[in-house]
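Structure at a glance
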Amino acid sequence: MVSIEDYVARVEETCGEEKAFIVIFKYDKREHVVSRVLERAKLEKSISNIIFELTFKGVSLRLYGTGKAIFRNLKDKGELNSILSELLL
Amino acid sequence: MFDPYRIREDFPILKRKVNGQPLIYFDNAATSQKPKQVIEAIKNFYENHNANVHRAVHTLSQEASELYEEAHEEVANFISAKGMEEIVFVRGTTEAINLVAYAWGLRSLKKGDEVLVTLMEHHSNIVPWEILSKINGFTIRYAEVNSDGTLNYESLESLISNKTKIVCISHVSNVSGVINDIKRVAKLAHERHALMLVDGAQSVPHLPIDVKDLDVDFLAFSGHKMLGPTGIGVLYGKRDILEEIAPFQGGGEMIRDVSYNKGAGSCSITWNELPWKFEAGTPNVCGGVGLMEAVKYLRKLGMEDVKAHECELTEYAMRRMQECEKVRVYGPKDASIKCGIIPFNVDGLSSHDVALLLDSYGIMIRSGFHCAQPLHQVFKLQSSARVSFYIYNTREEVDRFIDVLKEIEQV
């Protein structure tokens, strides 16, 4: 059964007041991840097909063509995992 | 003559590409890249000399012990210490500071005493003292930092008193790159009979250091920020002070004699001589060998030239960053009073966005608090992006960085 671990290589949580999660997707899955997230989330803005400003179920995220993404204003890692599941699986 | 283009030839990693772009490594305050001389020394150690040190009479152990001791000597010479007895190998700056906190502070500091730090410290020079203060009940005082990131010496002077037992201060800020006047602070500390501990993580790799001239009691620094491997660092301590302090950790290597007294039902222990008294257990021998090679490499370049190169590059980068309308640079505008570290932000973007954007162009920088949250509070910042230079960085790399910053501004 496919899980988010199949797509996610690492998650970095930023410290301090400006809470955010930086998700680094697996290198060999990054193209698949980018296209799937673009399918499922609402595209607000795109810059040269390198950066995509998106929203998904009230959560704002910024996706990079290099296979990394910043998720903002999430409560905790549980909420991140839930969003990632809906976006990727 | 100092030639960064020739130096680059010694660094294999600088030939690689990241995200399809030539690598530009501007995260040197976090860790430096390694020259082939260091990589080769590590390989040679494991291929030809690997053994435990000070434990055996066989040939390999003798060779490993000689190399490990030579590494201490080389580091002692590099910072103009009196001898290898004053050089304790540890994991890094953090462990060196913790060693002082727990070996000296735990036994010496008590309620009513004060430890003086500054608001520009890395967390590694704050947290050990905060933890210890909860155990021993002493007070920590924080010297203020001016809005440009320079140390407020009046604040520091006003906080030093007869209650102050140790002054703990970074030589160079890991956020702003500001160089503190260590001789001035050491004089103030010693006038009040306080000890002086310096976090040299950002200075020893970049400036000529003479511990006798600075007159510091302790100097902590990391090997990996100065071309050496990770997991090896140094605590310099004045010999007479190290002689007086009891060990931080117990185990093999740090003892001369452990004798069981049947009548007392306990062991009487005699410590080993310096510096081994503070190096319990099997040490990071190969790390020491790698650090020795890194120190030799830097000595050959000349630390005055290293400093001049970074100062010139920093001045150039700061001048060119002014061309970017949305880029805000923090810290002093005068590059001559700082090392090669530039904190900045881009209007409308978080520092992590800036770092990720630069990453997509092959440019590696740091984002966040850089383990110095109190200083970000002084700057009234959520976080910052940070570029930091070293011996192999060039003007052309700065030019590329500026071009990309200008593109990022359009985001």
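Residues numbered from 1 in each chain as written. Chains lettered and ligands numbered in written order. Predicted model: local features only at pLDDT ≥ 70, side-chain atom pairs only at ≥ 80, totals over all residues. Heavy atoms only, no water.

Observations regarding the overall build of chain A
The secondary structure content of chain A amounts to two helices and six strands. N-terminal to C-terminal, the α/β element order of chain A is β-β-α-β-β-β-β-α. The globule rule puts the C-alpha radius of gyration for 89 residues at 12 Å, and the 12 Å found for chain A is close to it. Referenced to the eigenvectors of the C-alpha coordinate spread, the extents of chain A come out at roughly 35 × 30 × 20 Å. In chain A, which comprises 89 residues, the proportion classed as buried is 40%. Counted over contacts in chain A with a minimum sequence separation of 6, partners at least 24 positions apart contribute 44%. Of the roughly 4,900 Å² of accessible surface on chain A, a fraction of 49% belongs to carbon and sulfur atoms. Across chain A, the mean location of the 15 positive side-chain charges is 2 Å away from that of the 14 negative side-chain charges. (Helix = DSSP H or I, 4+ residues; strand = E, 2+ residues; numbered from the N terminus. Rg over C-alpha atoms; globule rule 2.2 N^0.38 Å. Buried < 20%, exposed > 50% of the residue type's maximum accessible area, 1.4 Å probe, protein only. Contact = heavy atoms within 4.5 Å. Areas by Shrake-Rupley, 256 points an atom, 1.4 Å probe, with all protein chains shown as cover. Lys, Arg positive; Asp, Glu negative; His and termini not counted. Charge placed at Lys NZ, Arg CZ, Asp CG, Glu CD.)

Some thoughts on the interface of chain B and chain A
Each partner contributes to the interface: chain B provides 15 residues, whereas chain A provides 17 residues. Of the roughly 1,400 Å² buried between chain B and chain A, counting both surfaces, carbon and sulfur atoms make up 59%. There are three salt bridges connecting chain B and chain A. For A:Arg72, the salt bridge is made with B:Asp353, and the minimal N-O distance between the two is 2.4 Å. (Buried area = accessible area lost by both parts, 1.4 Å probe. Salt bridge = Lys/Arg side-chain N within 4 Å of Asp/Glu carboxyl O.)

Brief notes about the sheet that holds strand β16 (residues 366-368) of chain B
Residue and element names in this part refer to chain B. Reading across the sheet, the four strands line up as β13-β14-β17-β16 and stay open at both edges, with antiparallel pairing between neighbours. At either margin of the open sheet sits one strand with a lone partner, and together these are β13 (327-329) and β16. Strand after strand, the sheet turns through a mean of 30° between neighbouring axes, direction not considered. Across three bridges, β16 lies against strand β17 (residues 384-388) in antiparallel orientation. Bridge pairing in β17 places Gly-368 opposite Ser-384. On top of the sheet, helix α11 (residues 303-321) reaches β13 and β14 (341-346); it is set at about 15° to β14, its chief contact. (Pairing = 2+ DSSP bridges. Axes fitted to C-alpha atoms, helices over the stretch in contact; angles between N-to-C directions.)

Thoughts on the side chain of B:Ser367
Residues and elements named next belong to chain B. Locating Ser-367 in the fold gives a position in strand β16. Within the structure, Ser-367 has its side chain in polar contact with the side chain of His-352 (distance 2.9 Å). Those residues in contact with Ser-367 that sit more than four places away from it in its chain are Ser-351, His-352, Ala-355, Ser-384 and Ala-385. (Polar contact = N/O pair within 3.5 Å; in protein donor to acceptor, adjacent residues only side chain to side chain.)

Topic: unusual backbone geometry
Residues and elements named next belong to chain B. With omega at 0°, the peptide bond leading from Leu-274 into Pro-275 counts as cis. Among the structural elements, Pro-275 can be located in the loop between β12 (266-271) and α10 (285-301). With a phi angle near 60°, Ser-80 is a residue other than glycine that sits in the positive phi range. By secondary structure assignment, the location of Ser-80 is in the loop between α3 (59-78) and β4 (87-90). What makes Ser-80 partly exposed here is its relative accessible area of 23%. Backbone geometry at Lys-380 places phi at a positive 55°, although glycine is not the residue there. Tracing the backbone through its elements, the reader meets Lys-380 in the loop between α13 (373-378) and β17.

Concerning the environment of B:Gly265
All names here are of chain B. Topologically, Gly-265 is positioned in the loop between β11 (255-261) and β12. According to the relative accessible area criterion, Gly-265 is partly exposed, its value standing at 46%. In the structure, Gly-265 is positioned 39 residues away from Glu-304 in sequence and 58 Å away in space, judged by C-alpha atoms.

Structural notes on the confidence of the model for chain B
Mean pLDDT for chain B: 96, with 100% of residues reaching 70 or above. With pTM at 0.94, the complex prediction returns an ipTM value of 0.81. (pLDDT = per-residue confidence, 0-100.)

A few points about the packing of aromatic side chains
Residue and element names in this part refer to chain B. Applying the stated criterion across every chain, the model contains eleven aromatic pairs over all chains. Between the aromatic rings of Phe-11 and Tyr-297, the centroid separation amounts to 6.1 Å while the plane-to-plane angle is 85°, which identifies the pairing as edge-to-face. Taken together, the residues Phe-11 in the loop between α1 (4-8) and β1 (17-18) and Tyr-297 in helix α10 connect sequence positions 286 residues apart. Since its relative accessible area comes to 0%, Phe-11 is described here as buried. Judged by centre distance (5.7 Å) and plane angle (80°), the ring pair of Phe-26 and Phe-401 falls under edge-to-face. (Phe/Tyr/Trp six-rings, centres within 6.5 Å; stacked < 30°, edge-to-face > 60°.)

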